[in-house]
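Fold and geometry: a report
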Amino acid sequence: MFKMRKDHLTLIAAVLLIFAIGFLLRIESAYVTGTPVEEKSFYLDQNNLPYMYELDSYYNYRLTLNYLEHGFLGDVKIHGREWDFHSYFPSGVPLDYPPLIVYITAFIYKLVNLVSNVPLMVVCFWLPAFIAPLAGVVTFIFTRRLTNDYGALVAGILMVLAPFYFTRSVPGWFDTDIFVIIFPILIVWLFWEASITKSPKRSLLISALAGLVMFLFAMAWNGWQYYFYLLTFFGFLWIISLFSLRKPFKHFFVGYITFIGVTLILVCLFSGYLNILKLLYGPLEFINLTGSENIWSPWPDVYVSVNELVIPTIGETFSGIGLALLAGILGLIWGLKVLVKDKDEKIHSTFLDWFIYMLLVLWALTGFLALSQGSRFIMILIPPLTISTGVMVGICIDYLNQLKNNRSQNRFLQIFRTKPYLIQILIFLIVLVVTIPSFSNISKTLEMSPGTNDDAWNSLEWINYNTPENTVVFSNWPSGHLIATVANRSVSLDGRMAYIETVQSRNLDNAYTYGSKSPSTAREYWISHAFSTSNETLSAGIFRMLASSGDMAYLTLDNYTGNITQSVEILNNILGVDNKTARNIMVHNYNLSQEQAQKVLLYTHPKNPTPYVLWTHSEMFYKGFWIFHFGNWNFDNNKGTNYTYKFMNIDLQGDVITTNSGLEGDLKNGTAIYKGEIPYCVIISGEEGYKRYLNEKSDFCVVIINNKSQAVIIDKRFENSLYTKLALENKNTTCFKSLYKNYGATVWGQV
């Protein structure tokens, strides 16, 4: 009969504790704790769960729904290739997305619905809460191979509570981030185990298993290549070091080649040879991304508007990693001391060796270097520093345990010899001191609001039920995935923006007819320009062009002019006028031939334009700055201007406005002061609103919006922009009228 040993019980108890901590704290997000009770229902969907916290979640949901409905992730298959026509319409894009999250979700959905009736959205919502805690479990088991149970327990707890990872793995954050910790730790663990085992066959088997896990990682996250480069580079350096020290390296070399071979073969067989080519072209992509020049030049780089691609400050990095940032660095330093000075002493339970130590150091250095590309790469730093923290705690506890047998005559030290239970108390306190701050670090995460609300959802459902199926919806790019999923309509631009992940391999893929020129960030300029201009006929022309022909007009013009800046100028001059006038402008002002002008007009002034609607919503207010920044791009110097734009909440007592941002005013008299200056004008939103001019010397306007609960300070040059009229004032205009309206969102159609 099998008898469970004490260490088995300890292992099971620790695994259950870590998983429970990670799971139970994450499910708090299902209660929208940061929202007042009376407002919570506004952020709950038809399943009485919060709307997804991250709008990319709806992209993953849509792909999963596709997979369940017709067996593949895309909308259709063309010549055996999956295409997504909800994104980057009308050309669409060949689907290039890691499918593991879809496969796992679909499997669980099918499994659960064998015995129950659970909507797919519910499965998607809860999945992260079950997968993310496994990162802590894997961390614990791996770190336990390097140190004692206490250090491993600390590492496991810190991992499931790492603030940056925690935020991106709560229920309602249905994205590939849930895999970004688990797989790298598994791969590094197996890679190390293969290096220390004495059996060649066992080493070969573990190396092959590491390659299999790397393949699964490739199916889970587009950034898997970085870890492949990391381990390939480290393995190469290790072989060189063994050779230079005249140590046997054949054993490791065979495992190293096996790892690389299994990874490449599986990726090629199941993902296609293009993914192997992307792997080879990856370093070029990294060089381009780290270069100072905008790779989309002269089009604006929309990626600078993505918060997680902004370089984090030291404070933000610490907030994202927690105490493990400092403790992990200290652990690496202390680990070096153990390897150099204490290697012959028997006081440590650590199994740390030079291989795993140097790998952890290189891993951490890679993470710090990657921070130059944005805060999202904090994810790379979390594992090595957390594991290092666990090792450091383990070493501390090893030193404490030595006090039981100390022979010192010091009275203080003698206490530990006579009362060994005090050591256990100190160990308990060390574990608490290191882990407790992590619990408080995640409190702000649990106060975040869902990514959408009832008003936005209802308005998009209206589009779904009341517009032709080929209707294109225009809004700002962050809402693209939400629109495509809920309205079930195509968008011109969404959260994948210019599909930057595919840039380096497009010239190798005949599905991308125009290479790096399409998809591109050009559409961000055109959509933002349509919203930021006060020329409504130009706005209507831009939307007509994008809905009907996508990038074709400016790509065609580029072939004729050889100058993107001139192509933009031509389009801005012809899109707001009729067909005949546009032809004359191109022929007489820009010396295009009649044939060339006619070709352009097919794309700018189509005989049967694709229907479209505009969708404005309250979340646009937060991102309004970028509409004017990108929409008024200077193509001569490849720069945007930092126009005045500030969104704020206001307090209204009677007719008197007060804020914490320097805005004061009186609605009754139509007056306002912002930071001691009277604005150029005051605009009150709504059909019954008004505009009052106050100070012609000022360069900004104050717009009171959302039933007088919020305000926007905006550059006076944009007082009559389409964005101001539709999104802020919420009024019908000469060219656009509301088709559907509720408190927080409006659908607009052309008059």
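Data block above holds the structure.
Each chain has its residues counted from 1, running along the sequence as written. Per-residue local features of the predicted model are confined to residues with pLDDT of at least 70, and side-chain atom pairs are confined, for both listing and counting, to 80 or more; whole-chain, interface and lining totals are unaffected and use all residues. Values reported for side chains reflect all heavy atoms of the structure, with hydrogen atoms and water molecules removed beforehand.

1. Section: the overall build of the protein
Secondary structure assignment for the protein yields 28 helices and 17 strands. We compute the radius of gyration over the C-alpha atoms and compare it with the globule rule, which gives 2.2 Å times the number of residues raised to the power 0.38. In terms of overall size, the protein behaves like a compact globule, its C-alpha atoms giving a radius of gyration of 29 Å where 751 residues would be expected to give roughly 27 Å. Taken along the three principal axes of its C-alpha coordinates, the protein extends 95 × 60 × 55 Å. Burial classification: accessible surface area is computed with a 1.4 Å probe over protein chains only, and a residue below 20% of its type maximum counts as buried, one above 50% as exposed, and the rest as partly exposed. Counting the 751 residues in the protein, one finds 56% classified as buried. A contact between two residues is defined here by any heavy atoms of the two lying within 4.5 Å. Partitioning the contacts of the protein with sequence separation of at least 6, the portion at a separation of at least 24 is 66%. As displayed, the protein has an accessible area near 33,100 Å², and 58% of this comes from carbon and sulfur atoms. Distance from the positive charge centre (55 side chains) to the negative charge centre (55 side chains) of the protein: 11 Å. Where helices and strands are cited, they refer to DSSP runs of H or I of at least four residues and of E of at least two residues respectively, numbered from the N terminus. The protein chains shown are the only cover counted for residues, whose accessible areas, like all others here, come from Shrake-Rupley with a 1.4 Å probe. Charge convention: Lys and Arg are scored as positive, Asp and Glu as negative, and His as well as the terminal groups of each chain are ignored. Positions of charges follow a simple convention, taking NZ of Lys, CZ of Arg, CG of Asp or CD of Glu.

2. Some thoughts on the side chain of R523
When you line up the elements, R523 lands in helix α21 (residues 522-532). Judged by its relative accessible area of 0%, R523 is buried. Under the rule applied, a polar contact is a pair of N or O atoms within 3.5 Å (in protein, one hydrogen donor and one hydrogen acceptor; residues adjacent in sequence only if both atoms are side-chain atoms). A polar contact is formed between the side chain of R523 and the backbone oxygen of F89, at a distance of 2.6 Å.

3. Let's talk about a nonpolar patch on the surface
Only residues whose relative accessible area exceeds 30% and that form no salt bridge enter a patch; like-charged residues are grouped when within 9 Å of one another, and nonpolar side chains (Val, Leu, Ile, Met, Phe, Trp, Tyr) when within 5 Å. Salt bridge, as applied in this entry: a Lys or Arg side-chain nitrogen positioned within 4 Å of an Asp or Glu carboxyl oxygen. Together, Y421, I425, L426, F428, L429, L432, I436 and F439 line one region of the surface with nonpolar side chains, adding up to about 710 Å² of accessible area. Positionally, L429 belongs in helix α18 (residues 421-441).

4. Some points on α21
The buried fraction of α21 amounts to 11 of the 11 residues, a majority that puts the element mostly inside the structure. Regarding α21, the residues found buried are A522, R523, E524, Y525, W526, I527, S528, H529, A530, F531 and S532.

5. Thoughts on the sheet that holds strand β14 (residues 700-705)
When DSSP finds at least two bridges between two strands, those strands are taken to pair. Ordered by their spatial adjacency, five strands build an open sheet running β7-β15-β14-β12-β13, and the pairing between neighbours is mixed. Of all strands in the sheet, those bounded by a partner on one side alone are β7 (645-649) and β13 (691-693). Each adjacent strand pair in this sheet contributes to an overall mean axis angle of 15°, direction not counted. Here β7 pairs with strand β15 (residues 710-715) via five bridges, running antiparallel. Residue pairing for β15: M648 is matched across the bridge by A711. Angles here are taken between N-to-C directions and fall from 0 to 180 degrees, while the axes themselves are lines fitted to C-alpha atoms, restricted in helices to the stretch in contact.

6. Regarding the packing of aromatic side chains
Two aromatic rings, drawn from Phe, Tyr or Trp (for Trp, its six-membered ring), form a pair once their centres lie within 6.5 Å of each other, and the interplanar angle then sorts them: stacked below 30 degrees, edge-to-face above 60, tilted otherwise. Taken as a whole and assessed by the stated rule, the structure comprises 57 aromatic pairs. Considering the side-chain rings of W334 and Y399, the 5.9 Å spacing of their centres and the 20° angle between planes classify their relative orientation as stacked. Highlighted residues: W334 in helix α14 (residues 324-340) and Y399 in helix α16 (residues 378-402), separated in sequence by 65 residues. Among the residues examined, W334 registers a relative accessible area of 22% and is labelled partly exposed.

7. Comments concerning the sheet that holds strand β9 (residues 656-658)
Pairing is antiparallel across the open sheet formed by four strands, whose spatial order is β8-β9-β10-β11. Two strands bound the open sheet, and with one partner strand each, they are β8 (651-653) and β11 (671-674). Taken over all neighbouring pairs, the strand axes of this sheet differ in orientation by 15° on average, direction set aside. Pairing of β9 with strand β10 (residues 663-666) involves three bridges; the strand directions are antiparallel. By the bridge assignment for β10, I657 is matched with G665.

8. Brief notes about the state of the cysteines
Disulfide: a pair of cysteine sulfur atoms within 2.5 Å of each other. Counted according to the given criterion, the structure contains one disulfide. A sulfur-sulfur separation of 2.4 Å characterises the disulfide bridge that pairs C681 with C701. When the S-S torsion is 110°, as for the bridge of C681 with C701, the disulfide is right-handed. Here C681 is found in strand β12 (residues 681-684), whereas its partner C701 is found in strand β14, with 20 residues between them in sequence. When its relative accessible area of 0% is taken as the criterion, C681 is described as buried.

9. Regarding the packing of helix α1 (residues 6-26) against helix α6 (residues 149-161)
At a closest axis distance of 9 Å, the pairing of α1 and α6 adopts a crossing angle of 20°. By the angle between their directions, the pair α1 and α6 is classed as roughly parallel. Crossing geometry of α1 relative to α6 is assigned as right-handed. Listed contacts from α6 to T10, A14, L17, I18, I21, G22, L25 and R26 of α1 are D149, L153, G156, I157, V160 and L161. When residues are sorted by character, Ala, Val, Leu, Ile, Met, Phe, Trp, Tyr, Cys and Pro go into the nonpolar class, Asp, Glu, Lys and Arg into the charged class, and all the rest, Gly among them, into the polar class. Of the residues assigned to the contact of α1 with α6, the class counts are nine nonpolar, three polar and two charged. Angular relationships are summarised with four words: roughly parallel below 35 degrees, roughly antiparallel beyond 145, roughly perpendicular across 65 to 115, and oblique for the angles in between. Here a crossing is taken to be left-handed if its near helix is turned anticlockwise relative to the far helix by less than a right angle, and right-handed if that turn runs clockwise.

10. Some thoughts on the side chain of H481
Relative to the assigned elements, H481 resides in helix α20 (residues 480-486). Those residues in contact with H481, other than ones at most four positions away along the chain, are L55, D56, Y58, Y59, D494, G495 and R496.

11. Here's the deal with the pattern of salt bridges
If you walk through the whole model with that rule in mind, you get 13 salt bridges. Here D84 and R62 are joined by a salt bridge, their closest N and O atoms 3.0 Å apart. Separated by 22 residues along the polypeptide, D84 in strand β2 (residues 81-84) and R62 in helix α2 (residues 56-70) bring together distant segments of the chain. Look at D84 and you get buried, because its relative accessible area is 0%. A relative accessible area of 5% places R62 in the buried class.

12. A short note on helix α26 (residues 594-604)
An α-helix turns once every 3.6 residues. As a result, residues three or four positions apart point the same way. Of all the positions in α26, only A597, V600, L601, Y603 and T604 are classed as buried. For α26, the angular spread of buried residues about the axis comes to 160°, placing them on one side. The elements touched by buried residues of α26 are α22 (536-549), α23 (552-561), α24 (564-574) and α25 (579-590). Along the arc lie the directions from the helix axis toward the C-beta atoms.

13. A short note on unusual backbone geometry
In most cases, non-glycine residues show a negative phi, while peptide bonds are predominantly trans. For the bond running from S297 to P298, omega is 5°, close enough to zero to count as cis. Looking at where P298 falls in the secondary structure, it is placed in the loop between α12 (273-290) and α13 (314-321). For the bond from S518 to P519, the omega torsion is 0°, close enough to zero to count as cis. As for its placement among the helices and strands, P519 is situated in the loop between β5 (490-491) and α21.

14. A short note on the packing of helix α8 (residues 182-196) against helix α11 (residues 250-271)
Running from amino to carboxyl end, α8 crosses α11 at an angle of 150°, the nearest separation of the two axes being 9 Å. Taken together, the axes of α8 and α11 lie roughly antiparallel to each other. Considering only the axes of α8 and α11, their crossing is right-handed. Between α8 and α11, the residues in contact are I187, F191, A194 and S195 and H251, F252, Y256 and F259, respectively.

15. Some details on the pairing of strand β17 (residues 745-750)
A large share of β17 lies buried, amounting to five of its six residues. As paired elements, strand β16 (residues 736-741) and β17 share five bridges and run antiparallel to each other. By the bridge assignment for β17, K737 is matched with G749. Between the antiparallel neighbours β16 and β17 lie three residues.

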